[in-house]
Amino acid sequence: MNVKLNDNVVVITGKYAGKKGKVIATSPKNSTVVVEGVNIRKKAKKARKANEVSKIVETEGPIDVSNVMVVCPSCDKAIRVKMNFEGKIKHRVCPKCGAVLDKAFAGKVKNAKKKEEAPKKRVRKRAKKEEAETVAEPANGNSEE
Ligand SMILES: [Zn+2]
C-alpha cells in the first residue's frame, strides 16, 4: 500500500468523493484505510460499566485504499506516489514536486550512514592497539634488563 498512517488523502470515488482527510488507521492485510470524517457509521455502544451510558456513537468505517489518493503536503495536489531509492532505503516521492513524503526517511538515512561509519571505528580501535603495543615493547625490554 502506498498510503500510510497520518497521510493526508482525498477520496476519489463513492459517497465521500472529493473529501479530504487524514488517515487514522490502515489495514494492509485488507488493503483498506480509515480516513477522518469519511464513511461515518453509527455504532450502538452498550454500557459495560456502572457509570457508562448506552449510546449510539458515530465512527469512521474503513474504505478501500484504491478509493483514495495521497495529497502531497508541499504542493497540495492529489498524486500517484512514486517509489524512490536512496541506496537501499525505499521511500515515497511526489512525482510533481519531488518532495519526500516519508517523515522517517531523513532519520533512516542518518542511521544508514552510521552503520557505514561503524567499521571505520573498528579500524581506528585496532590502530590504537597497535600503537599501544609499540609503546609497550620498549617498556618490556626495560623490565627484562
Ligand atoms: Zn508535491
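Now for a quick tour of the structure.

Analysis parameters
- Residues numbered from 1 in each chain as written.
- Predicted model: local features only at pLDDT ≥ 70, side-chain atom pairs only at ≥ 80, totals over all residues.
- Helix = DSSP H or I, 4+ residues; strand = E, 2+ residues; numbered from the N terminus.
- Buried ≥ 20, exposed ≤ 12 C-beta atoms within 10 Å, placed from the backbone.
- Pairing = 2+ DSSP bridges.
- Core = buried A, V, L, I, M, F, W, Y, C linked by C-beta atoms within 7 Å.
- Contact = placed C-beta atoms within 7 Å.

**Some thoughts on unusual backbone geometry**
Note on backbone geometry: most residues besides glycine have negative phi, and most peptide bonds are trans.
Now for step 1: Residue Asn 39 is not a glycine yet carries a positive backbone phi of 60 degrees.
Now for step 2: By the secondary structure assignment, Asn 39 is in the loop between β3 (32-35) and β4 (40-45).
Now for step 3: Backbone geometry places Asp 76, a non-glycine residue, at a positive phi of 60 degrees.
Now for step 4: Mapped onto the elements, Asp 76 comes out in the loop between β7 (68-71) and β8 (78-79).

**Topic: the pairing of strand β5 (residues 55-60)**
Now for step 1: Counting buried positions along β5 yields zero of six residues, so the element is predominantly exposed.
Now for step 2: In this sheet, β5 lies alongside β4 in antiparallel orientation, the contact comprising six bridges. Counted as the bridge partner of Lys 43 is Val 57 from β5.

**Some thoughts on the pairing of β3**
Residues in a regular strand point their side chains to alternate faces of the sheet.
Now for step 1: Both strand β2 (residues 20-27) and β3 contribute to a ladder of four bridges, which runs antiparallel. Pairing of Val 23 across the sheet is with Val 35, part of β3.
Now for step 2: Adjacent in sequence and paired antiparallel, β2 and β3 are bridged by four residues, among which Ser 31 carries a positive phi angle near 45 degrees.
Now for step 3: Sheet analysis places β3 next to strand β6 (residues 63-64), joined by two bridges and oriented antiparallel. Pairing of Val 33 across the sheet is with Ile 63, part of β6.

**Examining the sheet that holds β3**
Think of a sheet as strands paired side by side through backbone hydrogen bonds, with each pair either parallel or antiparallel.
Now for step 1: With antiparallel pairing, six strands are arranged side by side in an open sheet as β6-β3-β2-β1-β7-β8. Each end of this open sheet is capped by a strand with a single partner; those strands are β6 and β8.
Now for step 2: Note: strand β1 (residues 8-11) against β2, three bridges, orientation antiparallel. Bridge pairing in β2 links Val 9 to Gly 21.

**Regarding the nonpolar core**
Now for step 1: Ranked by size, the top nonpolar core spans 15 residues in total, and within it Val 3, Val 9, Val 33, Val 35 and Val 68 carry the most contacts.
Now for step 2: Among the secondary structure elements, those contributing two or more residues to this core are β1, β3 and β7.
Now for step 3: Discounting residues that sit within four places of it in the chain, Val 33 has contacts with Val 3, Val 23, Ala 25, Thr 26, Pro 62, Ile 63, Val 65 and Val 68.

**Quick word on the environment of Ala 17**
Now for step 1: By the secondary structure assignment, Ala 17 is in the loop between β1 and β2.
Now for step 2: Ala 17 sits in the exposed class, given 11 other C-beta atoms within 10 Å.
Now for step 3: Sequence-wise, Ala 17 and Asn 67 are 50 residues apart; in three dimensions their C-alpha atoms are separated by 8.6 Å.
Now for step 4: Contacts of Ala 17, omitting those with residues within four sequence positions, involve Val 11 and Ile 12.

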